[in-house]
Amino acid sequence: MLNLIDKFTHKLEGYPQEEQERIIRAAHWSKDLHGIQKRASGEPYFVHPLYVAEMLVDMQMDPDTVIAGLLHDVLEDAGVTREMVEERFGETVANLVDGVTKISILKVKNKSVQEAETIRKMLFAMAKDIRVILIKLADKLHNMNTLQHLSPERRKIIAGECLDIYAPLADRMGISWMKAELEDLALKNLNPDTYQYIKEFLLAKKSERSEYLRRVEKAIYRSAGEEGISDILVTSRAKHFYSIYRKMKRRNKDISEIYDILGVRITCSSTNDCYTLLGVIHKLWPPIEGRFKDYIAMPKANQYQSLHTTVMCYNGRQLEIQIRTKAMHYTAEFGIAAHWTYKQEFGGAKLSTDTLPIISKLKNWEQEVELTDNFLDEIKSELLKDSIYAFTPKGHIVELPTNSTPIDFAYYIHSEVGNRMIGAKADGSIIPLNQPLKNTQVVEILTSANARPHVNWLRMARTSRARQKIRNWLNKHDENLLIDKSIIAKKKSAAREQQEHEQQQSSHQQPSEQTGEIVKHVIHADRLSFRIGNEKNMMISIAKCCAPTTGDDIIGYISRGRGIIVHTRQCPNLRNIRDIDHRTIEVEWEASKPRKTKRFQVTSRLTADLFSEIEGAVKKYKGHLIEGRLEETESGQLTGSFTMEIDQPDDFKRVMKSLRTIPSIINIVPI
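Structural notes, computed from the coordinates.

What counts, and at which threshold
- Residues numbered from 1 in each chain as written.
- Predicted model: local features only at pLDDT ≥ 70, side-chain atom pairs only at ≥ 80, totals over all residues.
- Heavy atoms only, no water.
- Helix = DSSP H or I, 4+ residues; strand = E, 2+ residues; numbered from the N terminus.
- Buried < 20%, exposed > 50% of the residue type's maximum accessible area, 1.4 Å probe, protein only.
- Contact = heavy atoms within 4.5 Å.
- Areas by Shrake-Rupley, 256 points an atom, 1.4 Å probe, with all protein chains shown as cover.
- Pairing = 2+ DSSP bridges.
- Axes fitted to C-alpha atoms, helices over the stretch in contact; angles between N-to-C directions.
- Core = buried A, V, L, I, M, F, W, Y, C linked by side-chain atoms within 4.5 Å.
- Left-handed = near helix turned anticlockwise from the far one by under 90°.
- Nonpolar A, V, L, I, M, F, W, Y, C, P; charged D, E, K, R; others polar.
- Parallel < 35°, antiparallel > 145°, perpendicular 65-115°, else oblique.
- Phe/Tyr/Trp six-rings, centres within 6.5 Å; stacked < 30°, edge-to-face > 60°.
- Lys NZ or Arg CZ within 6 Å of the ring centre and 35° of its normal.
- Salt bridge = Lys/Arg side-chain N within 4 Å of Asp/Glu carboxyl O.

1. Structural notes on the overall build of the chain
Right, so step 1: Each helix and strand counted, the chain has 26 helices and 22 strands in total.
Right, so step 2: Taken across its 671 residues, the chain has 48% of its residues classed as buried.
Right, so step 3: The long-range share in the chain, meaning contacts at least 24 apart out of those at least 6 apart in sequence, stands at 64%.
Right, so step 4: Surface summary for the chain: the accessible area is close to 33,500 Å², and the carbon and sulfur share equals 48%.

In structure tokens, the structure reads:
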């Protein structure tokens, strides 16, 4: 063990002597605290924090971060308090160690909640000090390298979490080498057969590939020299395994059919040289249309800069070529870690943590977002997935998650812009509010003082910020809706409910046999809801007996004193509730796709059972008749209009065909 510390000491030559001694003190304390603890592999536990610290040294992190790496597990595994760490190594180290420490299992109900709360805590600690996540990424990378000692089930869980959270976080931090390693290790554990297949294919083609890439490199050096650019470095490689796997999956092709698995990188001295070299490359080989990206003029959110172009190279092979300056390359490899580097040779690579959009987003989320069942899903979709950049008409840049809609754009600008939106334009053309925005579009939001949010916007919005603003407005201003726990409950006034209840009762009678009257006005009570007095802020809770999850067919029961309890429609316990028919409320998942509303007009002979026949035809195809009105004409016929809800557009055609078979109907047309 002491030999390990001695080897580690040699890595610290770049730090001042005083800091070296401080780091070594932390190493010895960590070794003593972990004592005889063993990892799943059987090796001493201290090997793990030492590896994490070595990685942080290789990333040229500051001494406090290296010390925190050595001590990152002591609060959790060694019975040490935060105060003890602070007393020995200062408040900064104590904060960093606390930031990467898991939430105690005793404080939460189950392991999934614990993991969600731990990630939440880590991310918000990262918003205060970005070094927290750098320690966690180093910790995760070493753990991923030693997964073979765990059970297959546990390996898949950890690898999935790595792919969903930690590899994207490395990308957001701009640390490309770490992102690639985490992705490849995750693939190795999630899909070992595919990983091995790709590995063997690349090994088999290695000599052929090397010869091909040497030919490409020589051509670039020669052409660049002819243009007077000599200070360049050309490197080439096959893309990493996970990148190739994604291409295979996206294109549904075997690796032998993927022709753009090779990449060439050119580093040069200046931005001007980058653009000159781009011209050189396009003279050598024709570019592929639509495959050029200028990340120098418009850097990625993680400050990554480079020119990307894909060309049709020798033998008809597609080849991606990246062109960047040496400073850009340093930033691309080390990302935000370059902020703490001691070396000054790449001064342009220095980054401010405040320039990363993920940091400002996290700071906003800490104020707005509560821990919910879908908290991790929101983190994954909004912070860790790819982004697009849209422009306001005045040229301001708005960064949004991929697939964001004009609704997200409007609420990003301001709550009132979203609340008053009536439409949107992209690049001067009107677009639907549910249409995903494209990268670099100029988006204009059209507003009106009389406009208001619609409940269907909740399904169109992709960002939690927009959905939260819409929920708040609807809960505050629409007395017929209650939105809680991602469930929408539809309410109505007591007076209208009574009127409709009476009408429903009359519609369920047989008019021709009892009253002889024709029913001329019906609103389907199943699609409406109850309102209990003037109660506005009723709580919505999920029934424990059937535990419905998103997507299940659900119904709400208004309990006495416990608000609305949501069950699945098939829940057997509903049959045992005595007043269930009178205390149900229509509820639906906020994320579910809205049902289609269709209207039609009928003309029929005078008959007393037209409503029930139409309702039967609609229900036959799982539709719901919401509203209908009939009037008697001077010629003794009935004419009127109906509104129904259906799941699929094709269902409307089936319903109309069924309605035409009703003997009394003379004519029926959609409106």
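2. Considering the sheet that holds strand β3 (residues 293–294)
Right, so step 1: Ordered in space as β1-β2-β5-β4-β3, the five strands form an open sheet in which the pairing is mixed. Pairing within the sheet leaves two strands with one partner each, and these edge strands are β1 (233–238) and β3.
Right, so step 2: Two elements, strand β4 (residues 307–312) and strand β5 (residues 318–325), share six bridges in a ladder whose sense is antiparallel. Paired with Val311 across the strands is Leu319, a residue of β5.
Right, so step 3: Contacting β2 (262–268) and β5, helix α16 (residues 326–334) runs over the sheet at an angle of about 105° to β5.

3. Quick word on the environment of Ala449
Right, so step 1: As for its position among the elements, Ala449 is in the loop between β10 (443–447) and α21 (457–460).
Right, so step 2: Judged by its relative accessible area of 66%, Ala449 falls in the exposed class.
Right, so step 3: For the pair Ala449 and Ile422, spaced 27 residues apart in the sequence, the C-alpha separation amounts to 9.5 Å.

4. Considering the nonpolar core
Right, so step 1: If you look at the biggest cluster of nonpolar residues, it comprises 69 residues, and the most contacted ones within it are Phe8, Val85, Leu169 and Leu182.
Right, so step 2: Judged by nonpolar contacts, the second largest core, of 40 residues, contains Ile198, Val216, Tyr245 and Ile258.

5. Section: the side chain of Ser658
Right, so step 1: Secondary-structure assignment places Ser658 in helix α26 (residues 649–659).
Right, so step 2: Judged by relative accessible area, Ser658 falls into the buried class, the value being 12%.
Right, so step 3: Contact partners of Ser658, with chain neighbours within four places excluded, come to Ala617, Lys620 and Tyr621.

6. Comments concerning the environment of Gly160
Right, so step 1: On the secondary structure map, Gly160 appears in helix α10 (residues 152–172).
Right, so step 2: Separated by 29 residues in the primary sequence, Gly160 and Asn189 have C-alpha atoms spaced 8.9 Å apart.

7. Side note on the sheet that holds strand β8 (residues 421–426)
Right, so step 1: A sheet is described by the order of its strands in space; here three strands give the open sequence β9-β8-β10, paired in antiparallel fashion. Of all the strands in the sheet, just β9 (429–431) and β10 have a single pairing partner and so form its edges. The average angle at which neighbouring strand axes cross in this sheet is 40°, direction not considered.
Right, so step 2: Pairing of β8 with β10 involves five bridges; the strand directions are antiparallel. Counterpart to Ala426 in the pairing with β10 is Val443.

8. Some remarks on the packing of helix α6 (residues 82–89) against helix α7 (residues 91–99)
Right, so step 1: Axis separation between α6 and α7 bottoms out at 7 Å; the angle between their running directions is 145°. In this structure, α6 meets α7 at a crossing whose hand is right-handed. Between α6 and α7, the residues in contact are Arg82, Val85, Glu86 and Phe89 and Glu91, Val93, Ala94, Asn95, Val97 and Asp98, respectively.
Right, so step 2: Partitioned by chemical class, the residues of the contact of α6 with α7 number five nonpolar, one polar and four charged.

9. Examining helix α14 (residues 241–251)
Right, so step 1: Those residues of α14 lying buried are Phe241, Tyr242, Ser243, Ile244, Tyr245, Lys247 and Met248.
Right, so step 2: On its buried face, α14 is in contact with α10, α11 (176–190) and α12 (192–204).
Right, so step 3: Asn252 sits one or two positions beyond α14 and adopts a positive phi of about 55°.

10. Remarks on the packing of helix α3 (residues 47–58) against helix α4 (residues 63–70)
Right, so step 1: For the pair α3 and α4, the least separation of the axes is 7 Å and the interaxial angle reads 160°. Put simply, α3 runs roughly antiparallel to α4. For the element pair α3 and α4, the recorded crossing hand is right-handed. Of the residues in α4, those touching α3 at Pro49, Leu50, Val52, Ala53, Leu56 and Val57 are Thr65, Val66, Gly69 and Leu70.
Right, so step 2: Residue classes in the contact of α3 with α4 are distributed as eight nonpolar, two polar and no charged.

11. Thoughts on the packing of aromatic side chains
Right, so step 1: Under the criterion given, the structure shown has eight aromatic pairs.
Right, so step 2: Where Tyr242 meets Tyr245, the ring centres are 5.9 Å apart and the plane angle is 35°; that geometry is what we call tilted. Taken together, the residues Tyr242 and Tyr245, both in helix α14 and three residues apart, mark about one turn of the helix. The pair Tyr242 / Tyr245 is uniform in exposure class, with both members buried.
Right, so step 3: Grouped by ring-pair contacts, the aromatic residues Tyr212, Trp285 and Tyr314 constitute a single cluster.
Right, so step 4: For Lys300, the ring lying beneath its charged end belongs to Tyr295, and the centroid distance is 4.9 Å.
Right, so step 5: Stacked on the ring of Tyr212, the Lys or Arg Arg317 has its end atom at 4.5 Å from the ring centre.

12. Examining the pattern of salt bridges
Close approach of charged atoms allows side chains with opposite charge to pair.
Right, so step 1: This model, assessed by the stated rule, comprises 21 salt bridges.
Right, so step 2: Put simply, Arg131 and Asp62 hold a salt bridge, and the shortest N to O gap is 2.7 Å. Remark: Asp62 occurs in the loop between α3 and α4 and Arg131 occurs in helix α9 (residues 131–145); sequence separation between them is 69 residues.
Right, so step 3: Given the relative accessible area of 10%, Asp62 is considered buried.
Right, so step 4: In this structure, Glu320 and Lys239 form a salt bridge, with 3.8 Å as the shortest nitrogen-oxygen distance. Of this pair, Glu320 sits in strand β5 while Lys239 sits in the loop between β1 and α14, and the two are 81 residues apart along the sequence. Summarising the burial analysis for this pair, Glu320 and Lys239 share the class buried.
Right, so step 5: Here the salt bridges share partners, and the residues they tie into one network are Glu19, Arg22 and Asp64.

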